[in-house]
Amino acid sequence: MQDPCPLADRRVCEATRNLALAVLRRMAVTAVAIEPRIRTLVATRNDPGYALWRLHGDDGRLLLRFDLQKPPDPIWDKLTTDLCLLAQLADLRTHPPGYYYVHPLADPRDVAVLLPANPRGLPPRTIGPLQ
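Given the structure is predicted, the values throughout are model-derived calculations rather than measurements.

S.K.: Mind showing me how you'd approach the pairing of strand β3 (residues 62-65) here?
M.R.: A regular strand places its side chains on the two faces of the sheet in alternate fashion. The pairing of strand β2 (residues 49-57) with β3 spans three bridges and is antiparallel. Within β3, the residue paired with arginine 54 across the bridge is arginine 65. The hairpin formed by β2 and β3 contains four residues between the paired strands, and glycine 60 there has a positive phi angle of roughly 90°.

S.K.: Just checking my understanding: could you explain helix α1 (residues 10-34) for this structure?
M.R.: Structurally, the α-helix is built with 3.6 residues per turn, so residues lying three or four positions apart point the same way. Its 25 residues give α1 an end-to-end C-alpha distance of 36 Å, which sits within 8% of 36 Å, the value for a rise of 1.5 Å per residue. Taken residue by residue, α1 has Cys13, Thr16, Ala20, Val23, Leu24, Met27, Ala28, Thr30 and Ala31 as its buried positions. Lining the buried residues of α1 we find β1 (38-46), α2 (77-89) and β5 (110-114).

S.K.: Help me out: how do you make sense of the pattern of salt bridges in this one?
M.R.: In a structure, side chains of opposite charge can pair up when their charged atoms sit close to one another. In this structure the tally under the stated criterion is five salt bridges. Of the charged contacts, one joins aspartate 82 and arginine 26 as a salt bridge, the two residues approaching to 2.5 Å between their closest N and O atoms. Linking aspartate 82 in helix α2 with arginine 26 in helix α1, this pair joins segments that are 56 residues apart in sequence. Overall, aspartate 82 belongs to the buried group, its relative accessible area being 4%. Under the relative-accessibility criterion, arginine 26 is labelled partly exposed at 40%. Salt-bridge contacts for arginine 61 lead to aspartate 59; the nearest nitrogen and oxygen are separated by 2.9 Å. Overall, arginine 61 belongs to the exposed group, its relative accessible area being 54%.

So, how was this worked out
Residues numbered from 1 in each chain as written. Predicted model: local features only at pLDDT ≥ 70, side-chain atom pairs only at ≥ 80, totals over all residues. Heavy atoms only, no water. Pairing = 2+ DSSP bridges. Helix = DSSP H or I, 4+ residues; strand = E, 2+ residues; numbered from the N terminus. Expected span 1.5 Å × (residues − 1). Buried < 20%, exposed > 50% of the residue type's maximum accessible area, 1.4 Å probe, protein only. Contact = heavy atoms within 4.5 Å. Salt bridge = Lys/Arg side-chain N within 4 Å of Asp/Glu carboxyl O.

This is how it looks when you write it as structure tokens:
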């Protein structure tokens, strides 16, 4: 992937991208420990950060939908914290989708994070209008 950063910012962008990759790898380990089928996480902006919203499996099917009116079970806290950090690191206005391993979705409040073990990319149901 070609670096979209201005020459003066490339070292900062590279360091941020390396940090984002480390967070993504830690998220993958955490997610697989909870549910081995998780391949894509979808979060929605929930001030001040993001809330874990949906989990999709390796075939793109919905595994779990969280109720945003209730706090999730504490088992998800570490994963949610890492997802918030990753989403906040990603400056989607100046970098292409996926540059920091975060992809914007149809609803501007939502982002998707594909875990490294996801060879298929975004599930088709997460790209279009929300159901």
